[in-house]
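Topology and contacts: notes
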Amino acid sequence: MKFSDGFWLNQKGFEVNYASEAYETVANEDSISILATPYHISNRGQTLAGPILDINFSSKNENVIKVTIDHYKGVLNKGPRFEINEDKNFKPQIINNEDYAELISGKTRVRISKKGGWLVEYFYGDKKLTSSGWRTTSVIKEDKLRMQKRLDFAAADEFWSYPQEAVTSYIREQLSLSVGECIYGFGEKFSTFVKNGQTVEIWNSDGGTCSEQSYKSIPFYVSSREYGVFVNHPEKVSFEVASETVSRVSFSVPGEHLEYFIIGGENLTEVISNYTTLTGKPALPPAFTFGLWLTTSFTTKYDEETVTSFIDGMAERKIPLQVFHFDCFWMKEYEWCNFEWDTRQFPDPKGMLSRLKQKGLSICVWINPYIAQRSKLFDEGVKGGYFIKNPDGSVFQTDMWQPGMAIVDFTNPAACEWYASKLRVLCEMGVDCFKTDFGERIPTKAVYFDGSDPVKMHNYYTYLYNQTVFNVLKEYYGENKACLFARSATAGSQKFPVHWGGDCTAEYSSMAETIRGGLSLCLSGFGYFSHDISGFESTATPDIYKRWAAFGLFSSHSRLHGNSSYRVPWLFDEESCDVLRFFTELKGKLMPYIFAQAVKTSTVGIPMMRAMVMEYASDPACLYLDKQYMFGDNILVAPILNETGDAEYYLPEGTWTNIISGKEIKGGRYIREKHDYFSIPALAKPNSIVAYGDFKGNFEYDYLDGANFVIYALEDGKTASTTVYDKDANKIFELSATRKGNKIQITHTPTEKAFTVTVSNGPSAKISPNSHEAIEINL
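Attention in this report is confined to the structure presented alongside it. (Residues numbered from 1 in each chain as written. Predicted model: local features only at pLDDT ≥ 70, side-chain atom pairs only at ≥ 80, totals over all residues. Heavy atoms only, no water.)

**Regarding the overall build of the chain**
Check the secondary structure of the chain and you find twelve helices and 45 strands. Counting every position in the chain, which comprises 779 residues, the buried fraction comes to 62%. Taking the intrachain contacts of the chain between residues at least 6 apart in sequence as the baseline, contacts between residues at least 24 apart amount to 69%. About 28700 Å² of surface is accessible on the chain, with carbon and sulfur atoms providing 49% of the total. Here the chain contributes 80 positively and 96 negatively charged side chains, and the mean placements of these two sets differ by 2 Å. (Helix = DSSP H or I, 4+ residues; strand = E, 2+ residues; numbered from the N terminus. Buried < 20%, exposed > 50% of the residue type's maximum accessible area, 1.4 Å probe, protein only. Contact = heavy atoms within 4.5 Å. Areas by Shrake-Rupley, 256 points an atom, 1.4 Å probe, with all protein chains shown as cover. Lys, Arg positive; Asp, Glu negative; His and termini not counted. Charge placed at Lys NZ, Arg CZ, Asp CG, Glu CD.)

**Comments concerning unusual backbone geometry**
Trans is the common state for peptide bonds, and a negative phi is the common state for residues other than glycine. Between Trp336 and the following residue, Cys337, the backbone shows a cis peptide bond with an omega angle of 0 degrees. Turning to its location among the elements, Cys337 is positioned in the loop between β23 (323-326) and α4 (349-358). Following Pro497, the chain continues to Val498 via a peptide bond in cis, the omega torsion being 15 degrees. When you line up the elements, Val498 lands in the loop between α7 (454-477) and α8 (508-522). For Ser297, which is not glycine, the phi dihedral falls at a positive 70 degrees. Structurally, Ser297 can be placed in the loop between β22 (292-295) and α3 (304-316).

**Details of the packing of aromatic side chains**
Enumeration over the complete set of coordinates arrives at 63 aromatic pairs. Relative to Tyr170, the ring of Phe14 lies with its centre 6.4 Å away and its plane at 80 degrees, an arrangement referred to as edge-to-face. One end of the pair, Phe14, is in strand β3 (residues 14-18); the other, Tyr170, is in strand β14 (residues 169-176), and 156 residues separate them in sequence. By relative accessible area, which is 9% here, Phe14 ends up buried. Where Phe595 meets Tyr703, the ring centres are 6.1 Å apart and the plane angle is 50 degrees; that geometry is what we call tilted. Here the residue Phe595 occupies a position in helix α11 (residues 591-604), and Tyr703 occupies one in the loop between β38 (688-692) and β39 (708-712), the gap between them amounting to 108 residues. Exposure remark for Phe595: the relative accessible area of 1% places this residue in the buried category. Given a relative accessible area of 1%, Tyr703 falls into the buried group. Taken together through their ring pairs, the aromatic side chains of Phe82, Phe220, Phe230, Phe261, Tyr275, Tyr460, Tyr463, Phe470 and Phe496 make up a single cluster. Taking NZ or CZ as reference, Lys546 lies 4.3 Å from the ring centre of Tyr677, over its face. When the ring centre of Trp500 is taken as origin, the NZ or CZ atom of Arg559, which lies over that ring, is 4.9 Å away. (Phe/Tyr/Trp six-rings, centres within 6.5 Å; stacked < 30°, edge-to-face > 60°. Lys NZ or Arg CZ within 6 Å of the ring centre and 35° of its normal.)

**Let's talk about the nonpolar core**
Phe326, Phe434, Tyr461, Phe554, Phe595 and Phe709 are the most contacted members of the largest nonpolar core, which has 187 residues in total. Here the element with the most residues in this core is α7; it accounts for ten residues. Setting aside residues no more than four positions away along its own chain, Phe554 makes contact with Phe583, Leu586, Leu590, Met609, Tyr629, Phe631, Val637, Ile659, Ile680 and Ala682. By size, the runner-up hydrophobic cluster in this structure holds 42 residues, among which are Ile34, Val67, Leu177 and Ile183. (Core = buried A, V, L, I, M, F, W, Y, C linked by side-chain atoms within 4.5 Å.)

**Notes on the sheet that holds strand β10 (residues 108-113)**
Read across the open sheet, the five strands follow the order β8-β9-β10-β11-β12; overall the sheet is antiparallel. The open sheet terminates on both sides in strands that have one partner only, identified here as β8 (93-96) and β12 (127-132). Averaged over all pairs of adjacent strands, the angle between strand axes in this sheet comes to 15 degrees, irrespective of strand direction. Bridge count for strand β9 (residues 100-105) against β10 is six bridges, and the pairing is antiparallel. By the bridge assignment, Glu102 is partnered in β10 with Arg111. (Pairing = 2+ DSSP bridges. Axes fitted to C-alpha atoms, helices over the stretch in contact; angles between N-to-C directions.)

**Quick word on the pairing of strand β11 (residues 120-124)**
By the criterion of burial, β11 is predominantly enclosed, with five of the five residues buried. By the alternation rule, side chains of β11 split into Val120, Tyr122 and Tyr124 and Glu121 and Phe123, which are all buried. Relative to β11, β10 is paired through five bridges, and the arrangement is antiparallel. Paired with Arg111 across the strands is Glu121, a residue of β11. The loop that links β10 with its antiparallel partner β11 comprises six residues; one of these, Gly116, has a positive phi angle of about 80 degrees. Where β11 meets β12, five bridges bridge the pair, whose relative direction is antiparallel.

**Section: the environment of Gly133**
Turning to its location among the elements, Gly133 is positioned in the loop between β12 and β13 (138-142). Judged by its relative accessible area of 12%, Gly133 is buried. In this structure, the C-alpha to C-alpha distance between Gly133 and Thr343, residues 210 residues apart in sequence, is 66 Å.

**Focus on the pattern of salt bridges**
Using the criterion set out here, one finds 49 salt bridges in the structure. For Glu102, the salt bridge identified is with Arg111, shortest N-O distance 2.9 Å. Ionic pairing is found between Glu256 and Lys141, a salt bridge with its closest N-O pair at 3.7 Å. Here Lys141 lies in strand β13 and Glu256 lies in the loop between β20 (248-254) and β21 (257-263), a separation of 115 residues in the sequence. (Salt bridge = Lys/Arg side-chain N within 4 Å of Asp/Glu carboxyl O.)

**A look at the pairing of strand β43 (residues 755-759)**
Burial runs high along β43: five of the five residues are buried. As defined by bridge partners, β39 adjoins β43 across four bridges and the pair is classed as parallel. Bridged to Asn708 within β43 is Thr756. Taken together, the four bridges between β43 and strand β44 (residues 764-767) define a ladder with antiparallel strand orientation. From the neighbouring strand, Phe755 faces β44, where its bridge partner is Ile767.

**Side note on helix α10 (residues 574-589)**
If you check α10, its first and last C-alpha atoms are 23 Å apart, about what 16 residues at 1.5 Å a residue would give, namely 22 Å. Taken together, the buried positions of α10 are occupied by Ser576, Cys577, Val579, Leu580, Phe583, Thr584, Leu586, Lys587 and Gly588. Close packing links the buried residues of α10 with β22, α3, α9 (542-552), β29 (558-560) and α11. (Expected span 1.5 Å × (residues − 1).)

**Digging into the sheet that holds strand β24 (residues 362-367)**
Spatially, six strands are ordered β27-β24-β23-β22-β29-β28 in an open sheet, and the strand pairing comes out parallel. Unpaired on one side and paired on the other, β27 (433-436) and β28 (532-533) mark the two borders of the sheet. Pairing of β22 with β23, which is carried by three bridges, proceeds in the parallel orientation. Residue pairing in the sheet places Leu294 in a bridge with Phe324 of β23.

Below is the structure:
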């Protein structure tokens, strides 16, 4: 939201009062409190009126500094609130002298000047990160005339749009940008990857992948200068990223209070890890979920015979399939959700699921948080008080999506248990996962059971919805055995994976926007990402299908899904079957590597799919790269995004090795090359080890027995290492390789399993069971 009119003026109707000096500074044991005045106080008479701002700096986590700004502290501040993990035993260091006050948290510190006007500076070590200074921190009043014009203009807004209520004040902060600094994140944003020059509104919408709207809006961004900013507000937060003022990031919230965190770290990996310590680590999905998913698609016709023909067709073509998903019409039309199978299409659902499981498949079904009026659960929900209500006490209903539908009120514990009880029945029947669709169109003129602010609940609703469903699976199947396929999200939703990218189209441009959205989401604390292979809307050409299949199987989770047409490969062409098989088998072989990366994601809190800037922020060429990514620590992937098979990507310094062809390429430059459908730029990083398993079709297998550990471009004097986990996430093996001249020495933990160590484009050594001695490979 813009308040200024150029450099000197503000827009008509806004009165802006800036923090101009730290009039009073109080250093407490673990915090610094500032009384900030809107002008320099030179005599007592100037203290008789405001506004003033009470600003507090504190830290309850190392390298995380919390800033709270208050104008009026007496206003009502209803929930919900994000769940924040703070260490009550952590205490920062405080320095307070005549020139400045400083709070030090690990290597991150904030310094507040006491002389020469308002200046707050943030550092990591000796590196300045950002600052707020002259004409930045402010309280803003809107006059009645402007407010009325805004209300009149917005009178026709939909009921889930941001309410244009009689907000008369805002708190705004502005943080400086250095020359060349780039900003990323804000959740799953499909617009230009570097957010400089954009207005970013944190407001969840069901808008597809083609616009500035987002299913997953997160009030968190990271900088190429390797710090992060998290605005701790579930309601709408408006960011102006080098737009209102091109040398600043501005963010504002309506009301009298603003809270945000400055997050430091050695690099962006550490910054994101610190952020997920604050808001929650991504859970670890079960190993089977990393295999290939196939669905019924959405509006297609299907019954058990159709489903079985798809599954058998995949088996006949030897394409490994791990999960089958039933989309919306597993339930009867007009009754979503009733959580009962449409027996016209599926007369024996329990028997059908048993038959599918005998084929080695896991099962997922579609759900949403809405109860149609024709669902038999509607009357139950009304009687129990389980639905969101209108201000007059009636049940909120709409015809959008399902006629007369109501929305479950997850602030009501009884409603949560009622909803969860329906899902447990499905688990008992054999369902392993739930696709938790929707959760974005949540009304803002509503009443919740616990009295939550409906405006804040618009974004936050998805957290409670997905938490409820995730906990059903976690309680039924156990720790590290729960998996959703969720579309909407807010800060903290990374704890309930997996998330997919919503409604994309069957075009290369949509494939590219999906990559941008996924990388932005992963820079916002989310660990795993998926998308509809070959696009949701329309039907892809065989060319796009094959290219998207390669990208999809180099994503953490891989799903074939569409709207009005099926996504089985033989409906495109026979080569599509071969390509899908090739990349599914390659992903299966990579499971020792992939699952180890997933374990790291769940423990450290960093994503599996990483924008290049996250790993290489010091390389200027990586700052704007949005069509390639690191897939875990050691593999760079650059999907093909055109019908000619042309690849253009950048390699950082070192010797990189294509894991499919074995071709070695010198980095520090852009690469242009052509690829057939059985190839993709997938390059192992220099000085790395990638483990390949003995994959036989099921993604849950023994990741060590018969594995091949391939050493890539190990330089003299360097050491590379890797870890293997079993399918239940237990660490079972470690191996390291050190090069000394023309010899590579291999050490590993004892094991009863046989495995192989191979130098890429070089010799290999077969290791017998129970071998404990170090091995040398001569180059």
